[in-house]
Protein chains: 2
Amino acid sequence: KLMNNEILNRAADNIRILSASMVEKAKSGHPGGAMGGADFINLLYTEFLNYDPKDPRWINRDRFFMDPGHMSPMLYSQLHMLGHYSMEDLKNFRQWGSPTPGHPEVDLDRGVENTSGPLGQGHAMAVGAAIAERFLVARFGEWMAHKTYAFISDGGIQEEISQGAGRIAGHLGLGNLIMFYDANDIQLSTEVDEVTSEDVAKKYEAWNWHVVTVEGNNVEALREALVAANADDRPSLIIGKTIMGKGAVTAEGESFERKVSTHGQPLTAAGASLDKTIENLGGDAANPFVVFEDVAAFYAKVLEEKADYASEKKAAQAEWAKAHPELAAKLEQFFSGEATAINWESIEQKQGVATRAASATVLGHLAENVENMIVSSADLSNSDKTDGFLKKTTVLKKGDFSGAFLQAGVCEFTMAVIANGIALHGGVQVAVATFFVFSDYMKPAFRLSALMGLPVKYIWTHDAFRVGEDGPTHQPIEQEAQIRLMEKLKNHHGDMSLLALRPADADETTVAWKMAMENTKTPTALIFSRQNIKSQVSYTEALGAERGAYIVKDVENPDVILVASGSEVATLADGAGKLEADGLKVRIVSAPSEGLFRTQDKAYQQAVLPTNVPTFGMTAGLPVTLEGLVGPFGKVFGLDHFGYSAPAGVLDEKFGFTGENVVKQVTEYLAEVKA
Amino acid sequence: KLMNNEILNRAADNIRILSASMVEKAKSGHPGGAMGGADFINLLYTEFLNYDPKDPRWINRDRFFMDPGHMSPMLYSQLHMLGHYSMEDLKNFRQWGSPTPGHPEVDLDRGVENTSGPLGQGHAMAVGAAIAERFLVARFGEWMAHKTYAFISDGGIQEEISQGAGRIAGHLGLGNLIMFYDANDIQLSTEVDEVTSEDVAKKYEAWNWHVVTVEGNNVEALREALVAANADDRPSLIIGKTIMGKGAVTAEGESFERKVSTHGQPLTAAGASLDKTIENLGGDAANPFVVFEDVAAFYAKVLEEKADYASEKKAAQAEWAKAHPELAAKLEQFFSGEATAINWESIEQKQGVATRAASATVLGHLAENVENMIVSSADLSNSDKTDGFLKKTTVLKKGDFSGAFLQAGVCEFTMAVIANGIALHGGVQVAVATFFVFSDYMKPAFRLSALMGLPVKYIWTHDAFRVGEDGPTHQPIEQEAQIRLMEKLKNHHGDMSLLALRPADADETTVAWKMAMENTKTPTALIFSRQNIKSQVSYTEALGAERGAYIVKDVENPDVILVASGSEVATLADGAGKLEADGLKVRIVSAPSEGLFRTQDKAYQQAVLPTNVPTFGMTAGLPVTLEGLVGPFGKVFGLDHFGYSAPAGVLDEKFGFTGENVVKQVTEYLAEVKA
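All residue numbers here refer to positions counted from 1 along the written sequence of the relevant chain. Labels follow written order: the first chain is A, the first ligand is 1, and so on. In keeping with the model being predicted, local features are shown solely for residues with a pLDDT of at least 70 and side-chain atom pairs are shown and tallied solely at 80 or more, while totals for entire chains, interfaces and linings include all residues. To get the side-chain values, all heavy atoms of the structure are used, and hydrogens and water are removed first.

Residue-level account of a negative patch on the surface, with values.
All names here are of chain A. The residues that make up patches have over 30% relative accessible area and no salt bridge, and they are joined within 9 Å when like-charged or within 5 Å when they are Val, Leu, Ile, Met, Phe, Trp or Tyr. All accessibility values rest on the Shrake-Rupley procedure with a 1.4 Å probe; residue burial counts only the protein chains present in the view. Whenever Lys or Arg places a side-chain nitrogen within 4 Å of a carboxyl oxygen from Asp or Glu, that contact is recorded as a salt bridge. Neither His nor the chain ends is counted toward charge; the positive residues are Lys and Arg and the negative residues Asp and Glu. By convention, the point assigned to a charge is CZ for Arg, NZ for Lys, CD for Glu and CG for Asp. Residues Glu304, Glu305, Asp308 and Glu312 make up a contiguous surface patch of negative charge. Assignment of secondary structure puts Glu305 in helix 12 (residues 293–323). Think of it in three bands: with a 1.4 Å probe and only protein chains considered, a residue is buried below 20% of the maximum accessible area for its type, exposed above 50%, and partly exposed in between. In this structure Glu305 comes out as partly exposed when scored by relative accessible area, which is 45%. Strands are runs of DSSP state E lasting at least 2 residues, helices are runs of H or I lasting at least 4, and numbering of each runs from the N terminus.

Here it is, written out as structure tokens:
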């Protein structure tokens, strides 16, 4: 054992050298933390984490989630030991086209489980992965159990989301979650005690976690802590008191450890000597990008053991699959990431209801037909109507993950990040719900869904000022325009990074859900009304939504085209009736997703919204929400101010969202066009 | 004392009746919580809170911050007892034009200290107010000390922001902050224990708070707790185990307390009897909107006492003012809310620097010339360059508020909400800083700054993909378009709800800061570059920024106009030089704020960006960021995808943000225009 500790320390020193050298070569990055955390990650990957070095996507691998993405040199150096990164990749750290960006981006084939950088999100994703694991184990058996490890730093501990992640993990009793807190007493701009004096251990104990505090660079102490954590049935926090910049020395050979200055710049820029540091750590300053021979030999053996263990587990799985072919097929389908086959047409919608109610109908169908879906609400299940799902299942709770509904409590952001973690784990589909105005709280989460290409479904109800009496704090105005910015932003695959759908009525809601469930590559936002809406289309007609925008009601040679999304389509239709009575020829277009519409061929776009016909848009959001659709000569009637507290019908009148005002506005607009 | 408790209980019952009746009449709202919290708020406003009923803006009043805005009926009923709302106002709860919106909106003349509704923000604003109080006391003396009370519910306790607020209040030792946690075991969609099992008391103790748990409807116990809290030098949490819907009964007279159903709908809709409940609480069901005679008499006496106490304090202040005329004048200036006189022209900027560095120069000047300004950074002071301010002051710390810099730690959202609280307190100006991409985390906070009209300054640096090596998680792309949506949204006064400025160079940065400091009515976003920028204008020329957009370089009858904000102006200028060498006549326009530009008279707008001259825009954000400025025939070169990790200069080349590409793009555009 002692000999083993020696080689472990040497391997950790090797990771320190690689990390410091990568940052030095890149001329930017964060060496200090990486050098402090090396002992833990090295021990974890050698003695605890189960993985198959040859098959990084093995579904039953333990998961490792990084929270502090700026410590990426440590992760890449570690994964170099596993063979997932070449020495060339390490040398090209932070360079164009290299697989070693400044902050890690999810790359399952290389063992990177999550994109990180925005502090706090990484460990909350780990909570999601741990939930997914328990969900699957409840359905397929303990044979597929695995652990989820998270690595967090002072920043993540301080981030607000730690409250949601800590509370939920404790409440659900996620004994499969083990988190290492790299507590080096240093953060980017100051020492930690300058900004905080909380008792972290006590706080996590208040959340029902198992907590131990150990010397974070002592392999024996870390091992003991990991063994204890693996045995505990609560989520575990190992507080490792690590040494920032461990091993760093000056040109004179004096210690340069525990310095704020080594947090965010190369060692030499901070005042240390890289060469002396490398030597101090047992390396060759002239040749820093190497793995020591004894370390290489050690890792060769480790990887063999890991592969052997994975083989055994896979053999056991094969046995199980043989004994349970139906379950095995189901498991395969779950992990395929492909959309579940759903008989969408069979979903009968009550007409004239709020789209949130229509969504509840769909969710009821999904609860019965999609066995691997978790739906969550931030304490609004009876308002956002995810109770349509909840009524046909039960809530996830400590010791019982047979249900499929997560009552997240009031923590919109954490809920969304947990959803990202569930999606990253694989095998489970996930939807999260709250009021549309609170999508603001979730932006940092869905930006990462978009960047990672995770098919999380965001259900946002109460979609406009028609929230009514709850007033301006609860009335989204700018939010639709805001979310559609993500439709304009492409992900690394060149795809629209997020699909945002605001359906016009009950059956279009079914189609929106169809599109969301079939969109397995990017997140989907579903934006629903609180108030009832007069139905406009049949299910078959509503399939036009699959092209982003489509003609709901047509006429030959229209005098004017009316376009909207959501409930404003019905308002336009109301106005159109009156305009037609006056002899005007009116086309109505429903545009649940401008972004998707703009990916259609030009001929289709021109057929639906020809540039040479006057086009009038109505939106309960900022006018800019529709300006791209009506074109340069069109006109948009929208809202350019915060809402007010009053019954929705009163606000409709006051703000001009009535058929009468459509007539007035369109008439004025057409007069302007003619003039 | 016992007799006093009897009348207090009767007054609380009166508040319960009014609250339940308001919700019933409005046909929507939240009666249960209001009925449970009535005992506390009534006791607070009678025996503890210091205020002047005739002068609600008295600067040394104790502050009361509501967190759960949905409990507004309780607040309005309480403030009716103070004479700030008429019975008619209560009857018009949640109606158009009434001063009693569904969620309270800041209204100092009526005793409403903050807008609330988005859970968690209210109590974090209280932390800000408590900081402002300590800051002012450090400068003017303990004579002006006052307490800040906060009222929080289960939702606020669960919200992520509780982590930031709890940690910071504890770290700063805010003994002037007393928070009541209305713990009624019920939340909107479930009982609390279904979603959480954290030990709240232990958690706050981990944050160094003084915590007591009491029966929340027992006036004697509440009084004891409030006395102890007032005596403790730590922030205090009083956990009041209250009874949801206290006093509610069915038609049969059976208890209807502790029901989830009374959280968010009228009592009758939940299944209780309003009439029987009113009778049970000692009221007249036929006439619910009254204050009992004995309660009215009691409050008359209370208000007299409050007024007397305030008079005494004001007399003491007058004495102090006489003895310290200069300090008194300063205090008055601080609370005037007017901009501090600054010699902006005297600020010498080094040319060719990053605008974050230019901002640091301004901040250094402000540190020396604005005595009532707090600047805060979320652990990035050395990157966002608020250290320009920090270097000339010290950090706020427990027991020493003589400094003016708040090291918030890694909690962007909490920091912003605290800033709102500082601004609400009055007397103190405030700026908060982080990276621009993390403005996403602060959206819910600056939306409330915008709605409340608070002049918080948001400093956002690292404004584009030129963040470089840190990669896509740290590179804002859609954020400029996103923040400008708030420029399109008007507040309740009809003003642009937020001013967003992205200056083009060092001297324009000085002007941007001038505009921010002179904008005392709405929040201002200041968006700065990480990288150096070649200077374009002198300070005097840069004053053109005060009109939102202005001509940086003109020529008679331009062939093309180039427009941008931020560092893209310099890139355009680089390209313009080459275009001019080819004989083209080029005008360059810097547009630090499109929103402000669109409020200028049409003649000015037409003079700067005439619609009949080809206009080319370049933005490091989404093309839509500039589409409104170039007009229907213009062209925008922007980015439509996430960034990548690489040195900034490499990204400039790869993404086409070079003078050469300006030439190429403009040439192609002009060819298209001619065709």
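So what's going on with the sheet that holds strand 14 (residues 586–590) of chain A? Residues and values would help.
Hydrogen bonds between backbone groups are what pair the strands of a sheet, and the pairing can be parallel or antiparallel. Residues and elements named next belong to chain A. Paired strands, in this sense, are two strands between which DSSP finds at least two bridges. Judged by pairing direction, the sheet is mixed, and its five strands sit side by side in the order 12-14-13-15-16 without closing on themselves. A single partner strand is all that each edge strand has here, and the edge strands are strand 12 (550–553) and strand 16 (635–637). In this sheet, neighbouring strand axes are inclined to one another by 30° on average, regardless of whether the strands run parallel or antiparallel. As defined by bridge partners, strand 13 (residues 560–564) adjoins strand 14 across five bridges and the pair is classed as parallel. Following the sheet pairing, Leu562 is matched in strand 14 by Ile588. Between N-to-C directions, angles span 0 to 180 degrees; the directions come from axes that are lines fitted to C-alpha atoms, helices contributing only their stretch in contact.

I'd love a proper account of the side chain of Asp505 of chain B, names of residues and values included.
Residue and element names in this part refer to chain B. For Asp505, the position within the fold is in the loop between strand 10 (499–501) and helix 19 (506–518). Buried and unpaired, Asp505 has no salt bridge, with Lys534 as the nearest side chain of opposite charge at 11 Å. Engagement of the side chain of Asp505 in a polar contact is seen with the backbone nitrogen of Gln536, the distance being 2.6 Å. Pairs of residues are marked as contacts when any of their non-hydrogen atoms sit within 4.5 Å. In this view, Asp505 contacts Thr355, Lys534, Ser535, Gln536 and Val537; residues no more than four positions away in its chain are not counted. Residues adjacent in sequence count toward polar contacts only when both atoms are side-chain atoms; beyond that, a polar contact is any pair of N or O atoms within 3.5 Å, and within protein one must be able to donate a hydrogen and the other to accept it.

How would you summarise the pattern of salt bridges if you had to cite specific residues and measurements?
Pairs can form between side chains of opposite charge whenever their charged atoms are close. Counted under the stated rule, the structure contains 80 salt bridges over all chains. For the salt bridge of Glu205 of chain B with Lys202 of chain A, the shortest nitrogen-to-oxygen distance reads 3.9 Å. One end of the pair, Glu205 of chain B, is in helix 8 (residues 200–206); the other, Lys202 of chain A, is in helix 8 (residues 200–206), on a second chain. Close ionic contact of Glu142 of chain B with Arg134 of chain B constitutes a salt bridge, the shortest N to O distance being 3.0 Å.

Lay out the confidence of the model for chain A in plain terms, naming residues and giving numbers.
Considering every residue of chain A, the mean pLDDT works out to 97; 100% of them sit at 70 or more. Per-element confidence in chain A is highest for strand 11 (residues 524–527) of chain A, whose mean pLDDT is 99, and lowest for helix 1 (residues 2–26) of chain A, whose mean pLDDT is 95. Confidence of the predictor in every single residue is expressed as pLDDT, which spans 0 to 100.

Tell me about the nonpolar core, and please be specific about residues and values.
As used in this record, nonpolar core signifies buried Ala, Val, Leu, Ile, Met, Phe, Trp, Tyr and Cys residues forming a set joined through side-chain atoms within 4.5 Å. Counting 329 residues, the largest nonpolar core has Ile131, Leu366 and Trp513 of chain A together with Ile131, Leu366 and Trp513 of chain B as its most contacted members. For Leu366 of chain B, the residues in contact, after removing those within four places along its chain, are Ile342, Trp344, Met373, Phe389, Trp513 and Met517 of chain B. Listed in part, the 64 residues of the second largest apolar core include Ile41, Met66, Ala229 and Val295 of chain B.

So what about helix 19 (residues 506–518) of chain A? Which residues, and what values?
Residues and elements named next belong to chain A. Here the expected length of a helix is defined as 1.5 Å per residue gap, with one fewer gap than residues. Taking 1.5 Å per residue, 13 residues should reach 18 Å; helix 19 reaches 19 Å between its end C-alpha atoms and fits that length. Most of helix 19 sits inside the fold, with 12 of its 13 residues counted as buried. When helix 19 is considered as a whole, its buried residues turn out to be Ala506, Asp507, Glu508, Thr509, Thr510, Val511, Ala512, Trp513, Lys514, Met515, Ala516 and Met517. One side-chain oxygen of the residue at the start of helix 19 lies 3.3 Å from the amide nitrogen of Asp507, identifying that residue as Asp505.

Outline the interface of chain A and chain B, listing residues and values.
Many authors give the size of an interface as the accessible area that is lost as the parts come together. On the side of chain B, 103 residues touch chain A, which itself brings 103 residues to the contact. By definition, the buried area sums, over both parts, the 1.4 Å-probe accessible area that each loses when the two are put together. For the pair chain A and chain B, the summed buried area comes to about 8500 Å², and 57% of that belongs to carbon and sulfur atoms. Its largest share of buried area at the contact with chain B, chain A owes to Trp96, Glu160 and Phe642 of chain A, together 10% of the area lost on that side. Our enumeration of links across chain A and chain B arrives at 12 salt bridges. Taking the shortest distance from any N to any O, the salt bridge between Asp640 of chain B and Lys490 of chain A comes out at 2.9 Å. At the surface where chain A touches chain B, the tally comes to 60 residue pairs in polar contact (both at pLDDT 80 or more). A total of eight residues in the side of chain A that touches chain B trace back to one element, the largest contributor, which is helix 17 (residues 439–452) of chain A. Taken together, the residues that form the side of chain A that touches chain B break down as 41 nonpolar, 38 polar and 24 charged. By the convention adopted, Pro, Cys, Tyr, Trp, Phe, Met, Ile, Leu, Val and Ala count as nonpolar, Lys, Arg, Asp and Glu as charged, and the other residues, Gly among them, as polar.

Kindly report on the relation of the copies chain A and chain B, identifying the contributing residues and their values.
For the match of chain A to chain B, the screw axis carries a shift of 0.0 Å, the RMSD comes to 0.0 Å, and the turn is 180°. These values place the two chain copies in the arrangement generated by a two-fold rotation axis. Taken together, the interface assignments show that 100% of the residues at the interface of chain A recur at the interface of chain B, consistent with an identical surface on both copies. In this comparison the copies share one frame, found by least squares on the C-alpha atoms of residues holding pLDDT of at least 70 in both.

Outline unusual backbone geometry, listing residues and values.
The backbone phi angle of Asp379 of chain A is positive, close to 65°, even though this residue is not glycine. Within the element layout of this structure, Asp379 of chain A appears in the loop between strand 6 (373–377) and helix 15 (387–390). One non-glycine residue with positive phi stands out, namely Lys385 of chain B, at about 65°. Here Lys385 of chain B lies in the loop between strand 6 (373–377) and helix 15 (387–390). Residue Lys385 of chain B is classed as partly exposed on the basis of its relative accessible area, which comes to 24%.

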